[in-house]
Amino acid sequence: MYRQMVLIRRFEDHAAESYARARIGGFLHLYIGEEAVAVGALNAARPTDHLLTHYRDHGYALVRGCDPKAAMAELFGKASGLSGGRGGSMHLAEASRHFWGGHAIVGSHIPIGAGMAYAMQYQRREEVVLDFFGDGATGNGIFHEGLNMAALWQLPVVFVCENNLYGMGATLAEESPVKDMIIRAEGYTMPSRQCDGMDVFSVYEAVRTAVEHCRSGKGPFFVEAVTYRFRGHSMADPELYRDKEEVGRWRAQDPILRFGEFCVRQRISSERELEEVNEQVEQEMLEAVAFAEAAPLPEESTVADGVYANPIDPEAAGPESA
Amino acid sequence: MPQMTLVEAVRDALRLELRRDPRVMLLGLDIGRLGGVFRATDGLQAEFGAERVVDMPLAEAAIVGASIGLAVAGFVPVAEIQFLGFTHQAFHQIGPQVGRWRQRSRGRFSAPLVIRAPFGGGIRSPEFHSDAIEAQFVQTPGIKVVMPASPYDAKGLLLEAIRDPDPVLFCEPDRLYRLHRQEVPAGEYTIPFGQARTVREGDDVTLVAWSAAVELCERAAAQLDGEGIAATVLDLRTLVPLDVEGLVRAATRTGRVVVVHEAPLSAGFGAEVAATIQEEAFFALDGPVRRVAAWDAPYPSAALEASYLPTVARVVAAARAAVRS
Ligand SMILES: Cc1ncc(C[n+]2csc(CCOP(=O)(O)OP(=O)(O)O)c2C)c(N)n1
Ligand SMILES: [Mg+2]
């Protein structure tokens, strides 16, 4: 788990650096500071459980075992990316790992998770669905539609709200009448658990309970992980809504440092071993960036490929009439 | 006269209206302290207070829905949706709700409001953030659809929009927000809807466009000049109402028309333009009306943007082909 958290951190440090060099286009939302959530949660579930997330999705992809090279190439918009450069940073996905994607439109994947959970229930399958989103999403109607349905039909879906205390440019208090997101679940009679999103064990335990609850046919479960993003909302955020001291206070709770100290204290690993992990991961990330740099761009002629199962007009030369 | 970028012109219009009319109110996600994704409302909350420049929760349907309620109650709301592609979340409130309000009540009540939304490609923003879905709103009668292409027009059309008695969708081309400065009068002025603007004149071919595609057509026209082809560029400015007369005049002048837009080809507003011209000016045409548009595919990632969108080269090629036909 230490390695996974470091992997996310270093992957994103390199992504941010590549973004600053204009090698990555579009938007880049970093997960730095929130690593314990994806790592704790996904380790508490099975690799076959279905995963849907919001656009802050790099961490999930990596923990699910997606190749960091292909993930980095996807950020670069390259043909060798996870989705051939078609999805970009906000839409990482890997069907073979039951990772059904990051989703750029806030809240859009919440009812989709409920639908997948209905499929699991209908077919009496063992897998459950894990659906991740932010605090800001809970102000959107679609969030409530998804939760209502999941509770009504007692669907096997774990909703995980990553409460990082901010939306894009607003504080939680400016967006939400409730401070604790688990209160949102009460209206749907959904059992819930709040956990410390800076502590990988706390997340693990909460999600473990949730997943077992769902798997045993008891209906949906809501987990709130209180966490913090160390960086701006995206790379273009002036961060007018918070001060440096607050960020410093949270940085002192860095989930990687906390977990590293725990491992050393408990003699699970030595500082040198952890340092070795850091170095290995760093090396891997340098390779991932080099791979992404060298990978080819998608061919221009493929712009309209893959929109339909069979191209409607295979002869179409382009978007010109006549 | 002050020089303004398009985004400054928008802000200037909003500021003037907030000053002039106490009923005017701005609503949107992160428009207050942050000043909006593109900083269009920068400083307005500080000047007019959080009750009139209102930060909303992440809820597009409620942003538009609440604006309708405010309008019915006598306010003049100007809502901002962060990107036009996010209006899908509010589509019901826009088309089927506010668009029908007036007729359904046989004129007894109306909801004059403005929905501002940045949109369009060319700034490396992915998918929904770049979608040019203006034609979808042309299919929802009751909404006026306004597409400024310059700082001067943005200010004049926005002042007109805020004063218009009907709901207006005001689409702002984010690629042009800071591209050029232009002389823009400091005071109030309005530009009436339904009057296309002749950007430049030429007798060989007519390029029809709106929003950011106008700038593209200007560049294409400059290149065509070098080849001895003189192009008229017509900026429609508003799709609803459409200046049919101005369109027919511009088409008749050259007999050859190319319409250019950032939206996918099929059923884009270019199809409406082509149909209108062939209905109204069929015998003045020397050849078919040509369309240059985006592919019938979702907006691609940054790396493929240039292949997806209309380019100067493609507009020039279409104009050449039209002239030769
Ligand atoms: C429907 C919709 N509206 C607005 C946006 C723009 N937007 C992207 S992320 C975001 C903030 C979301 O905050 P939260 O749900 O707390 O997630 P976080 O980014 O904090 O992880 C906003 C406003 C969007 N992508 N989709
Ligand atoms: Mg948040």
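Outline helix α4 (residues 91-104) of chain B, supporting the account with residue identities and numerical values.
Residues and elements named next belong to chain B. Here α4 is 14 residues long and its end C-alpha atoms lie 18 Å apart, about the 20 Å a rise of 1.5 Å per residue gives. The largest bend in α4 amounts to roughly 25° and is located at Q97. For α4, the full list of buried residues reads Q93, I94, G95, Q97, V98, G99 and W101. Along its buried surface, α4 packs onto α3 (60-72), β5 (114-119) and α5 (134-138). Taken from the residues just after α4, R106 is the one with a positive phi, measuring 45°.

Residue-level account of the site of ligand 1, with values.
Around ligand 1 there are 21 residues in total, and A:V106, A:G134, A:G136, A:G167 and A:M168 lie nearest to it. Around ligand 1 the close residues trace back to chains A and B. For the shell around ligand 1, the class distribution of residues is ten nonpolar, seven polar and four charged.

Can you explain the interface of chain B and chain A? Please cite residues and give values.
Listed by partner, the interface residues are 32 residues for chain B and 35 residues for chain A. If you list the elements that add at least two residues to the side of chain B that touches chain A, you get β14 (290-294), α10 (305-308) and α11 (312-324) of chain B. Per element, the largest residue contribution to the side of chain B that touches chain A is five residues, and it comes from β14(B). Tallied by class, residues from the side of chain B that touches chain A come to 20 nonpolar, three polar and nine charged.

Give me the domain arrangement of chain B: which residues, what numbers.
Residue and element names in this part refer to chain B. Annotation of chain B at the domain level lists domain 1 (3-183) and domain 2 (197-324). On a C-alpha basis, the centroid separation for the pair domain 1 and domain 2 is 26 Å. With 26 residues of domain 1 at the contact, the number on the domain 2 side is 23 residues. For the side of domain 1 that touches domain 2, the elements supplying multiple residues, two or more each, are α5, β6 (144-146), α6 (151-163) and β7 (168-173). Along the lines of polarity and charge, the residues of the side of domain 1 that touches domain 2 split into 15 nonpolar, four polar and seven charged.

Go over the sheet that holds strand β6 (residues 221-226) of chain A, please, and point to the residues and values.
In any sheet, the strands associate via hydrogen bonds between backbone groups, in a parallel or an antiparallel arrangement. Residues and elements named next belong to chain A. One open sheet accounts for six strands, arranged β2-β1-β3-β4-β6-β5; its pairing is parallel. In this open sheet, the two edge strands, each paired with only one partner strand, are β2 (99-103) and β5 (192-196). The sheet shows a mean angle of 15° between the axes of neighbouring strands, direction not considered. Note: strand β1 (residues 50-54) against β2, three bridges, orientation parallel. What sits directly across from T53, in β2, is G102.

Report on helix α9 (residues 269-281) of chain B, specifying residues and quantitative values.
An α-helix turns once every 3.6 residues. As a result, residues three or four positions apart point the same way. All names here are of chain B. The terminal C-alpha atoms of α9 lie 18 Å apart, and with 13 residues this matches the ideal 18 Å at 1.5 Å per residue to within 8%. Taken residue by residue, α9 has F269, G270, V273, A274, I277 and A281 as its buried positions. One face of α9 carries all of its buried residues, which in axial projection span an arc of 145°. Seen from the buried face of α9, the exposed residues on the opposite side, beyond 90 degrees, are A275 and E279. Buried residues belonging to α9 abut α5, β10 (205-209), β12 (238-240), α8 (244-254), β13 (257-264) and β14.

Outline the confidence of the model for chain B, listing residues and values.
A residue-level look at chain B finds 100% of positions with pLDDT of 70 or above and a mean pLDDT of 96. The ipTM assigned to the predicted complex is 0.92, against a pTM of 0.95.

Now, about the packing of α3(B) against α4(B): what can you tell me, with residues and values included?
Residue and element names in this part refer to chain B. Close contact between α3 and α4 brings their axes to 8 Å; oriented N to C, the two are set at 25°. Accordingly, the angle class assigned to the pair α3 and α4 is roughly parallel. On α4, the residues touching A61, V64, G65 and I68 of α3 are H92, Q93, I94, Q97 and V98. Here the contact of α3 with α4 is built from residues that sort into five nonpolar, four polar and no charged.

About the criteria used
Residues numbered from 1 in each chain as written. Chains lettered and ligands numbered in written order. Predicted model: local features only at pLDDT ≥ 70, side-chain atom pairs only at ≥ 80, totals over all residues. Helix = DSSP H or I, 4+ residues; strand = E, 2+ residues; numbered from the N terminus. Expected span 1.5 Å × (residues − 1). Bend = angle between axes of the 7 residues up to and from the residue. Buried ≥ 20, exposed ≤ 12 C-beta atoms within 10 Å, placed from the backbone. Contact = placed C-beta atoms within 7 Å. Near = placed C-beta within 6 Å. Nonpolar A, V, L, I, M, F, W, Y, C, P; charged D, E, K, R; others polar. Domains from an automatic or database assignment. Pairing = 2+ DSSP bridges. Axes fitted to C-alpha atoms, helices over the stretch in contact; angles between N-to-C directions. Arc of directions from axis to C-beta. pLDDT = per-residue confidence, 0-100. Parallel < 35°, antiparallel > 145°, perpendicular 65-115°, else oblique.

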